[in-house]
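Take a look at the letters that make up each chain.
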Amino acid sequence: MTRIALDVHAHLLPVLPERLAGFAEVSWDAAAKTLSIDGHAVGIARLFQPAALARWMADQDVAHAWISAPPPAYRMHLRGVGALEWSRYLNEGLDRAAADHEGAMTPLYHLPTQDPESACRIVDERGGKGHRLFAMPSGTGDARTLADAEFDGLWSRLDALGALVFVHPGECADGRLSAHYLTNLLGNPHETSVAISHLVLGGVLERHPQLELCFAHGGGTYPMIAARIQRGYDTARPGVDTAAARPSDLVRRLHVDCICHSQEALCLSEAVFGEDRLVFGSDWPFPMGLVEPDEQLAKLNPDRRERITQINPTRLLASRQKGSAS
């Protein structure tokens, strides 16, 4: 069995019944082990069970996991106090899960992307205590982009901390994808690609050199269109700032997880982001992830598998542990 030093992409959805009573449109059915959020029933029982994640980690020889809230908990319609308090609830729950499994799990504190002001509050609160690990949705739930001016304060705060942010897609709003589970199968990697494109072409990465970002699912569809983005830069397409850094250079600063579902796609991600930038992610407990990593990564050549499961994650862990309380 392959030893995995770090899983950057494991989900837990905290259930703190005494706290949930204060949130409208959220309810916990203890008998059915189902959490209802805004009319959507979340029924994957393991999501609510940190002990189940710990057992899976032991079974799969995963030494450590960064835990983050899953998309069903994002609640992108919330603003102001609602967004802030719900995010605080999620983060409190992640703290409790990590405390119960000390040394095995570390929270990635949730930032409500749809409300940058609330996200800034959370960075200030957690950063003031020495924490530098966060997670956020890749979009806002509307037409705003992560390169818009209202996000400048958030990126500046995260950059000043030298933070690492795990970026995960929420549900794609394109109605054409409602059939065949395409909101997930196609929408998720598309949302990731849109986010990376705006952060690169909008100058966010160039202006914030201490900011580290890790994207889910191998960087989504971006590896396939990376050369096209670079071609747009090289030929000075409208709206592309050719005085800025080259896109192909900037993306080498990003980390991505290895959830690509084929060796060919994974190799393309390595070619675009760099061999040292791919790290293991499981997307536990969702079936679209690598929940059986030894079997699902069996076709990788030994050197690539060692880079993804041990060398790169160990290096990332070491860089995060320097001077951090996380």
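Keep in mind it's a predicted model, so treat the numbers as computed, not measured.

**Student:** What am I meant to see in the sheet that holds strand β6 (residues 105–107) here?
**Tutor:** In sheet architecture, strand pairing relies on hydrogen bonds along the backbone and comes in two forms, parallel and antiparallel. Spatially, the three strands line up as an open sheet ordered β1-β5-β6, and their pairing is parallel. Each edge of the sheet is formed by a strand with only one pairing partner; in this case those strands are β1 (7–11) and β6. Averaged over all pairs of adjacent strands, the angle between their axes in this sheet comes to 40 degrees, without regard to strand direction. Across three bridges, the pairing between strand β5 (residues 65–68) and β6 is parallel. Counted as the bridge partner of Ala65 is Met105 from β6. On the sheet, helix α3 (residues 80–100) packs against β5 and β6 and is oriented at approximately 160 degrees with respect to β6.

**Student:** What exactly am I supposed to notice about a nonpolar patch on the surface here?
**Tutor:** On the surface, Tyr181, Leu185, Leu186 and Met288 cluster together to form a nonpolar patch covering roughly 360 Å² of accessible area. Along the chain, the position of Leu186 falls in the loop between α6 (182–185) and α7 (187–201). Its relative accessible area of 39% is what places Leu186 among the partly exposed residues.

**Student:** What should I look at first to understand the side chain of Arg75 in this one?
**Tutor:** As for its position among the elements, Arg75 is in the loop between β5 and α3. By relative accessible area, which is 8% here, Arg75 ends up buried. At 2.8 Å, the side chain of Arg75 and the side chain of Asp38 are in polar contact. If sequence neighbours within four positions are ignored, Arg75 has contacts with Ala24, Glu25, Val26, Ile37, Asp38, Trp86 and Gln114.

Definitions and limits used
- Residues numbered from 1 in each chain as written.
- Predicted model: local features only at pLDDT ≥ 70, side-chain atom pairs only at ≥ 80, totals over all residues.
- Heavy atoms only, no water.
- Pairing = 2+ DSSP bridges.
- Helix = DSSP H or I, 4+ residues; strand = E, 2+ residues; numbered from the N terminus.
- Axes fitted to C-alpha atoms, helices over the stretch in contact; angles between N-to-C directions.
- Contact = heavy atoms within 4.5 Å.
- Patch = residues over 30% accessible without salt bridge, like charges linked within 9 Å, V, L, I, M, F, W, Y side chains within 5 Å.
- Areas by Shrake-Rupley, 256 points an atom, 1.4 Å probe, with all protein chains shown as cover.
- Salt bridge = Lys/Arg side-chain N within 4 Å of Asp/Glu carboxyl O.
- Buried < 20%, exposed > 50% of the residue type's maximum accessible area, 1.4 Å probe, protein only.
- Polar contact = N/O pair within 3.5 Å; in protein donor to acceptor, adjacent residues only side chain to side chain.

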